[in-house]
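# Secondary and tertiary structure notes
Listed below, chain by chain, are the residues.
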Amino acid sequence: MEALSALVAAFDPAEGDALKAAEAASTSGFAYGLAAFGSAIGIGFLVGKSVEAMARQPEAAGMVRTTMFLGIAFTEALALIGFVVFILIGL
Amino acid sequence: MTDSPTPMTTRLDGEAPEIEVSFDIVKRGAYAAPVIVAVCAVFAGLDGVFSALYGMALVLVNFLCAAGLVAVTARISLGLMMGAVLFGYIGRLGLIYLALVLVRDASWISLTALGLTIIVTHLGLLVWEMRYVAASLAYPGLKPRRK
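What you are looking at is a predicted structure, and each value in this text was computed from that prediction instead of being measured.

### A look at the interface of chain B and chain A
A common way to report how large an interface is uses the accessible area buried once the components associate. Taken together, the contact between chain B and chain A spans 44 residues of the former and 35 residues of the latter. Summed over both sides, the interface of chain B with chain A buries roughly 3,500 Å², with 83% coming from carbon and sulfur. For chain B, the biggest contributors to the area lost against chain A are Leu12, Tyr89 and Leu93 of chain B; these three give 16% of the whole. Linking chain B with chain A are two salt bridges, by the criterion used here. Where arginine 92 of chain B meets glutamate 76 of chain A, a salt bridge forms, and the shortest distance between an N and an O atom there is 2.7 Å. Scanning the region where chain B abuts chain A turns up five residue pairs in polar contact (both at pLDDT 80 or more). Elements supplying a minimum of two residues to the side of chain B that touches chain A: helix H1 (17-74), helix H2 (78-103) and helix H3 (111-138) of chain B.

### A closer look at the packing of aromatic side chains
Scanning the entire structure with this criterion turns up seven aromatic pairs over all chains. Seen from their ring centres, phenylalanine 83 of chain A and phenylalanine 86 of chain A are 6.3 Å apart, and the 35 degrees between their planes marks the pair as tilted. Within this pair, phenylalanine 83 of chain A and its partner phenylalanine 86 of chain A are both found in helix H3 (residues 61-89), separated by three residues, close to a single helical turn. Each member of the pair, phenylalanine 83 of chain A together with phenylalanine 86 of chain A, is buried. On the basis of an interplanar angle of 85 degrees and a centroid distance of 6.3 Å, the ring pair of phenylalanine 50 of chain B and tryptophan 108 of chain B is categorised as edge-to-face. Here tryptophan 108 of chain B lies in the loop between H2 and H3 and phenylalanine 50 of chain B lies in helix H1, a separation of 58 residues in the sequence. Residue classification places phenylalanine 50 of chain B among the partly exposed residues on the basis of a relative accessible area of 37%. For tryptophan 108 of chain B, a relative accessible area of 33% gives the class partly exposed. Through pairs of rings, three or more aromatic residues link up here, namely Tyr32, Phe83 and Phe86 of chain A together with Tyr97 of chain B. When the ring centre of tyrosine 132 of chain B is taken as reference, the NZ or CZ atom of arginine 28 of chain B above it lies at 5.2 Å.

### A few points about the layout of surface pockets
One way to see where empty space is left: roll a probe the size of a water molecule over the atoms. Residues and elements named next belong to chain B. One number sums up the size of the second largest pocket: a volume of about 180 Å³. Surrounding the second largest pocket, Ile36, Val39, Cys40, Phe43, Ala44, Thr112, Ala113, Leu116, Thr117 and Val120 form its lining. Going through the elements one at a time, H1 and H3 are the ones with two or more residues in the lining of the second largest pocket. Residues belonging to the lining of the second largest pocket are distributed by class as follows: eight nonpolar, two polar and no charged.

### Overview of the packing of H1 of chain B against H2 of chain B
Residue and element names in this part refer to chain B. Packing of H1 against H2 leaves a shortest axis separation of 10 Å and a crossing angle of 160 degrees. With respect to H2, the axis of H1 lies roughly antiparallel. Note that H1 runs across H2; the crossing there is right-handed. Contacts between H1 and H2 involve Tyr54, Leu58, Asn62, Cys65, Ala66, Leu69, Val70, Thr73 and Ala74 from the first element and Leu80, Met81, Ala84, Val85, Gly88, Arg92, Ile96, Ala99, Leu100 and Val103 from the second. In terms of residue class, the contact of H1 with H2 is made up of 15 nonpolar, three polar and one charged.

Rules and cut-offs
Residues numbered from 1 in each chain as written. Chains lettered and ligands numbered in written order. Predicted model: local features only at pLDDT ≥ 70, side-chain atom pairs only at ≥ 80, totals over all residues. Heavy atoms only, no water. Contact = heavy atoms within 4.5 Å. Buried area = accessible area lost by both parts, 1.4 Å probe. Salt bridge = Lys/Arg side-chain N within 4 Å of Asp/Glu carboxyl O. Polar contact = N/O pair within 3.5 Å; in protein donor to acceptor, adjacent residues only side chain to side chain. Helix = DSSP H or I, 4+ residues; strand = E, 2+ residues; numbered from the N terminus. Phe/Tyr/Trp six-rings, centres within 6.5 Å; stacked < 30°, edge-to-face > 60°. Buried < 20%, exposed > 50% of the residue type's maximum accessible area, 1.4 Å probe, protein only. Lys NZ or Arg CZ within 6 Å of the ring centre and 35° of its normal. 1 Å grid on protein atoms, 1.4 Å probe; cavity = no way out; pocket = protein on both sides within 12 Å on 5 of 7 lines; lining within 4 Å. Points joined across faces, edges and corners; volume = space filled by probe spheres on them. Nonpolar A, V, L, I, M, F, W, Y, C, P; charged D, E, K, R; others polar. Axes fitted to C-alpha atoms, helices over the stretch in contact; angles between N-to-C directions. Parallel < 35°, antiparallel > 145°, perpendicular 65-115°, else oblique. Left-handed = near helix turned anticlockwise from the far one by under 90°.

Keep in mind these numbers describe shape, not what the thing actually does.
Below is the structure:
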């Protein structure tokens, strides 16, 4: 792909820039998708286990909910990092 | 044999700790805001100031929405809470994307400052809150009381 963009740039610089921009957009979009996908799996696993724990032991629900909420936020940070990379490179 | 509680029928009444945690995070965000805004102002000028304020508002509203969703749905059913957290995650990511798309071409925005503010604020406030939560879970006797 890089060789192709270099070849195109040799003939028409404007078209080469457009191709590079398209490459950046697609790559960063892919990175954001991967980040969001990984976080979704993490959150699903985390919340599933927390719900199981709360159903088994409702008296510990307060502690479980607190740590679950923080866990969700930490996991979501991974998606936000992917999103920021996406907006800085490809948006 | 007795019926064991299932996640679909179990509901959690009483206090919602995540609301307390999220209000605490917002309070800490207010403390940290001048520092973050000043740093962004040094690197990106007035655009950095507006971007930092916008980014912080996004992060804090995101925390409040997440906590509200969990608190409301936990009173109905744990199964609903799980679904709300998962679909809420997708919904909130979509809202953040929309909020960014709306301002990306604005003259007062600096995307670098905005992006870095989102990451630093989100992680920084979480780590700050985590220290407090870890201490209060490990040593309940030292937990600060509300006045």
